Amino acid sequence: MRYRHLSTAALALGIVVLTDVLRVFLPSVITIFGQAATTPAELLGAFALGWFVLALAFPPLVRRLGVRPVTLAAAVALGGARLALTAAPGGRTQLWLATVGLLAGLLWLAGTATTTGRPVPGLALGIALGAVVHAVLGTYDLVWRGGPVGWAGSVALVAVFLVVAARPARQAEPGGARAWLLAGPALLLTGLVALSPAAAATAASYWRGPGGGLSWPPEAGDVPTLPAWAVGIFLLAALARPPRGRWRLAGPLALVVGAVLFATRDAGLLGPAVVLTAAGTGACLALADAVPPAAAPPVAVPPAAAPPVAVPPVAAPPVAVPPVAAVPSAGAAPSVVPSSAAASSTPGVAPGRPGLAAVLGMLLFAVGYYAAYDLGYPNAAVPVAMAGLVAAVALGGPRRATSTPPRRWVRGIAAAGGLVVLVATGLPSGAFAPLRPGTPPAAVRVVAYNIRMGFGLDGRFDPDGLARVVARERPDVVVLGEVDRGWLLNGGHDTLALLAARLRMSYVFAPAADPLWGDAVLGRFPLAAARSERLAPAGAPTGAQALGVTVDLGGGVRLAVVATHLQPPPGREPVAQARAVAAFALRYAAGLPLVVAGDLNTEPGAPGYAEFTRAGLVDALASARPLPTSPADEPREQIDHVLVSAGMRAADPVAPRSIASDHLPVAVTLALP
């Protein structure tokens, strides 16, 4: 392979491996280092941010050991941590393995920056490849999977990365620091929205069904291609010729507008936000990677013929010419680099601006979103600020610049974008036809479960474990709380789609904090007439809402189900929210048999709980009290409930033991009046 292709492949594969590690590190800080809402958010942010700051030790390491040894050792540590995470049993072992992998990945990225001056092709391909794999796997990444398939894919990825990374590297071309500074912000923006398969698929799901700001599953034969289009648009924008003149503003403007649309938290604007942010991020990377024409390799031009002029010889003093440090490999374009630049790859000399820019860019990644978690200001402002920074850095480059890739790159990437679309349209839709019985059942089994974004008490993402716990109760209706449909903070998984596919149920999803976080009702029977009402905020970053869904049991029999997750201020009862949910539920049911279920964060007899009983609702779990559900390993609190309208008889209430979440589910059979 030519050197440029080899370095591009190494960077792209390394980005995929680093992204896998990030998808474990980010949620592990919350689920393992943090303990629900008991760990101060400032401590969570400081712990996460500290490891990114520690990567600033890269220049001293290089001065002592040299770029090559540090980069190779970091690549091996990154690959080893990635494989160990697949085998990790969870808990603190997982947290520290992910931390080691993160730090190694940051050092590898800084070392790679010193030998790859034009990084955008590798960065763009790596980001896009990670998104494609994430989408094809249904957002359930190989790093979380075991078994032959999971291990085979993980080993192959790491092995190829290490083989390519071990090849001899060359000194970086001129420039590159600006593009390396945008590596971290690009990972943030693409992971948040632009190339998040979960965010794109969720955006498409809001366009189905009767609307009303609710998300419905795909119908048979309805396959959204928005994730694939986003990947193709991003690649074409990143690898095409940078525009000139006024058109240079198009990409940065698209990025800022897309981030603003995302920040509105309007479900109907999530799709346009995905497309605009993908196009804008790619275009800004292309602008940042461009170099002035003067920095391009000089082209030898033969002098024009002129009449010979006799000039007497003049003695000139000898001129010392600096030696050339780089010799082009076969097939590569000539590159002349002074030995002073090449000295950055030897011990005792600083690695230069690109390595430091790469570390600072990843520090922006941490500050931009993770360290902002619940620190007293809206996270919605973070992507807008980051988009503005990226746009400013991109526009700060040369106005007239050489194009980053040759034209054959653009043709190849266009073909790859089309292939991605074809692959996505060939994937199964995940739609399931609901039961339509002629005779309604005499009773229904209801399960309510706070699933903690799909992470078990050990901190591992395990949708299969969650599905097994729920399926053992043979439910007809499932109410889920803390449903995450693509937050980068939690790994970017669409937990609802994964569970619905495993339970073979249809669903309705209502946003609470933003279009990607909320509550859901799943059912074996048709779901209709869904409506959601936002609850007054009480200081929780995840918000709260009440979702009403009508379950059609056949024969004209219908059941009203209201799902909610109350969020009281710390140390206080959710009295106001409970009163609002009770009033909404009675209005929504309008005389139908009614079920209100979810994590209410209040115990029987408490003031918040009394708001439901005052409205005439009955505790369906009363015969099994006390029935604690939290924490899952040593349950002490009775905060997960199923309440029903008068006239419904409850039987077999249980809270089956499991550590698939930090709560236990509650299940009960309800006989209809």
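Provided above is the structure to which this section pertains.
Remember, it's a predicted structure, so these values are computed and weren't measured experimentally.

Engineer: Report on the nonpolar core, specifying residues and quantitative values.
Structural biologist: Judged by nonpolar contacts, the single largest core of 109 residues is most densely connected at F25, F52, W180, F234 and F365. For this core, the leading source of residues is helix α1 (residues 3-33), giving 15 residues. Membership of the second largest hydrophobic core comes to 35 residues, among which are V479, A510, L553 and A632.

Engineer: Which residues make up the pairing of strand β3 (residues 506-514), and what values go with them?
Structural biologist: When you tally the buried positions in β3, you get 9 out of 9 residues, the bulk of the element. Of the strand pairs in this sheet, β3 and strand β4 (residues 517-523) are connected by 7 bridges, and their pairing is antiparallel. Bridge pairing in β4 places P511 opposite G518. Counting the residues between successive antiparallel strands, the hairpin from β3 to β4 contains 2 residues.

Engineer: Which residues make up the packing of aromatic side chains, and what are the values?
Structural biologist: Enumeration over the complete set of coordinates arrives at 12 aromatic pairs. Here the aromatic rings of F47 and W51 are separated by 6.0 Å at their centres, their planes lie at 75°, and the arrangement is edge-to-face. Of this pair, F47 and W51 are both found in helix α2 (residues 41-54), 4 residues apart, which corresponds to roughly one turn of the helix. For F47, a relative accessible area of 13% translates into the label buried. An aromatic cluster is defined as three or more aromatic residues linked by ring pairs; in this entry it consists of F33, F47, W51 and W96.

Engineer: Run through the pairing of β4, naming residues and quoting values.
Structural biologist: Within β4, 7 of the 7 residues are buried, leaving the element largely enclosed by the surrounding structure. In terms of strand pairing, strand β2 (residues 477-484) meets β4 through 6 bridges, oriented antiparallel. Across the sheet, residue D484 finds its bridge partner in β4, namely W517.

Engineer: Tell me what's going on with the sheet that holds strand β12 (residues 666-671), and back it up with residues and numbers.
Structural biologist: One open sheet holds the 6 strands; their spatial order is β3-β4-β2-β1-β12-β11, and the pairing between them is mixed. Looking at strand neighbours, the two that pair on one side only are β3 and β11 (649-654), the edges of this open sheet. The mean inter-strand angle of the sheet, taken between neighbouring strand axes irrespective of direction, is 20°. Across the sheet, helix α19 (residues 495-503) is in contact with β2, β3 and β4; its angle to β2 comes to roughly 155°.

Engineer: I'd like to hear about unusual backbone geometry, residue by residue, with values.
Structural biologist: Here the bond from R625 into P626 is cis, since omega is -5°, no more than 30 degrees from zero. As for its placement among the helices and strands, P626 is situated in the loop between β9 (618-619) and β10 (640-644). Residue S630 is joined to P631 through a cis peptide bond whose omega torsion reads -10°. Locating P631 in the fold gives a position in the loop between β9 and β10. Here the phi dihedral of M453 falls at roughly 60°; this positive angle occurs in a residue that is not glycine. Considering the arrangement of structural elements, one finds M453 in the loop between β1 (443-450) and α18 (463-471). A residue is classified by how much of its surface remains accessible, and M453, at 6% relative accessible area, is buried. Of note in the backbone geometry, N601 takes a positive phi value of approximately 50° without being a glycine.

Engineer: Now, about the pattern of salt bridges: what can you tell me, with residues and values included?
Structural biologist: For the structure on display, the rule yields 11 salt bridges. The shortest N-O distance in the salt bridge between R82 and D20 comes to 3.0 Å. Here R82, found in helix α4 (residues 67-87), pairs with D20, found in helix α1; they are 62 residues apart in sequence, far enough to count as distant. Neither residue differs from the other here; R82 and D20 are each classed as buried. The salt bridge involving D494 is made with R485; its shortest N-O contact spans 3.0 Å.

Engineer: Describe in detail the sheet that holds strand β5 (residues 527-534), supporting the description with residues and values.
Structural biologist: The strand order across the open sheet built from 6 strands is β5-β6-β7-β8-β10-β9, with neighbouring strands paired in mixed fashion. Because the sheet does not close on itself, it has two edges, and the strands there are β5 and β9. Across 5 bridges, strand β8 (residues 594-599) lies against β10 in antiparallel orientation. Bridging from a neighbouring strand, D599 pairs with D640 of β10. Strands β5, β6 (545-554), β7 (557-565) and β8 of the sheet are contacted by helix α20 (residues 575-589), whose axis makes an angle of about 150° with β5.

Engineer: Kindly report on helix α6 (residues 120-136), identifying the contributing residues and their values.
Structural biologist: Look at α6: 24 Å from first C-alpha to last across 17 residues, which is about the 24 Å you get at 1.5 Å a residue. Positive phi appears at G138, one or two residues downstream of α6, with a value of about 70°.

Engineer: Give a description of the side chain of D494 that names residues and reports values.
Structural biologist: With respect to the helices and strands, D494 occurs in the loop between β2 and α19. What makes D494 buried here is its relative accessible area of 6%. One polar contact links D494 to R485, side chain to side chain, over a distance of 3.0 Å. If sequence neighbours within four positions are ignored, D494 has contacts with T139, A198, T202, D484 and R485.

Engineer: Which residues make up α2, and what values go with them?
Structural biologist: For α2, spanning 14 residues, the distance from its first C-alpha to its last is 20 Å, which sits close to the expected 20 Å at 1.5 Å a residue. By the burial criterion, the buried members of α2 are A41, L44, G45, F47, A48 and F52. Summarising the axial view, the buried residues of α2 lie within an arc of 160°, below the 170-degree limit, and thus occupy one face.

Engineer: Run through the packing of helix α5 (residues 91-113) against helix α15 (residues 353-368), naming residues and quoting values.
Structural biologist: The N-to-C vectors of α5 and α15 enclose an angle of 145°; their axes lie 7 Å apart at closest approach. Crossing handedness for the pair α5 and α15: right-handed. Taking contact as the criterion, the partners of L106, L109, A110 and A113 in α5 are, on α15, P354, G355, A358, V359 and M362. Looking at the contact of α5 with α15 residue by residue, the classes come out as 8 nonpolar, 1 polar and no charged.

Analysis parameters
Residues numbered from 1 in each chain as written. Predicted model: local features only at pLDDT ≥ 70, side-chain atom pairs only at ≥ 80, totals over all residues. Heavy atoms only, no water. Core = buried A, V, L, I, M, F, W, Y, C linked by side-chain atoms within 4.5 Å. Buried < 20%, exposed > 50% of the residue type's maximum accessible area, 1.4 Å probe, protein only. Helix = DSSP H or I, 4+ residues; strand = E, 2+ residues; numbered from the N terminus. Pairing = 2+ DSSP bridges. Phe/Tyr/Trp six-rings, centres within 6.5 Å; stacked < 30°, edge-to-face > 60°. Axes fitted to C-alpha atoms, helices over the stretch in contact; angles between N-to-C directions. Contact = heavy atoms within 4.5 Å. Salt bridge = Lys/Arg side-chain N within 4 Å of Asp/Glu carboxyl O. Expected span 1.5 Å × (residues − 1). Polar contact = N/O pair within 3.5 Å; in protein donor to acceptor, adjacent residues only side chain to side chain. Arc of directions from axis to C-beta. Left-handed = near helix turned anticlockwise from the far one by under 90°. Nonpolar A, V, L, I, M, F, W, Y, C, P; charged D, E, K, R; others polar.

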